[in-house]
Amino acid sequence: MSGDYRYDEARGEWVQASDATPEPAADGGTEVRDSVGNVLTDGDQVTLIKDLKVKGANQVLKRGTLIKSIRLTGDAQEIDCKFDGIKGLVLRAEFVRKR
């Protein structure tokens with residue numbers, strides 16, 4: 001278990017990060033979080049946390065690859081991004097870490 005604690009506004013107490021009530025997005029939209037819980041926004045830079053095969057591109061993106069200028073798609077688990085040689089790349093937020 002993680003030793004991280006967060007103050008849960010909904011409950012009014014300190015709880016383990018995994019048990020905290022998700023915070024609503026400030027703009028009323030869907031909040032996207034990376035693999036460690038950081039909130040992602042349009043234009044952020046992220047790094048991959050594992051090797052990923054790209055479907056339809058016969059290419060593997062290696063762990064540690066830097067992806068610049070992401071865009072949120074409205075889905076809490078997907079981010080849209082550009083990478084050299086790959087058009088229309090969509091990554092799952094669980095496989096990236098905010099830089």
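Above: the structure in question.
Residues numbered from 1 in each chain as written. Predicted model: local features only at pLDDT ≥ 70, side-chain atom pairs only at ≥ 80, totals over all residues. Heavy atoms only, no water.

S.K.: Whenever I open this one, the pairing of strand S11 (residues 86-92) confuses me. Can you help?
M.R.: Along a regular strand, successive side chains alternate from one face of the sheet to the other. Inspection of the sheet shows strand S10 (residues 78-83) paired to S11 by five bridges, in the antiparallel sense. Directly across from Ile-79, in S11, lies its bridge partner Leu-91. Linkage of S10 to S11, two consecutive antiparallel strands, is achieved through a turn of two residues, within which Gly-85 is found at a positive phi near 85 degrees. (Pairing = 2+ DSSP bridges. Helix = DSSP H or I, 4+ residues; strand = E, 2+ residues; numbered from the N terminus.)

S.K.: Quick question: what am I supposed to make of the sheet that holds strand S9 (residues 71-72) here?
M.R.: The strands making up a sheet are joined through hydrogen bonds of the backbone, oriented either antiparallel or parallel. On the basis of which strands lie adjacent, the open sheet formed by three strands has the order S9-S10-S11 and antiparallel pairing. Single-partner strands in this sheet number two, and they are S9 and S11. By the bridge criterion, two bridges tie S9 to S10 in an arrangement that is antiparallel. The residue bridging Leu-72 from the neighbouring strand is Ile-79, located in S10.

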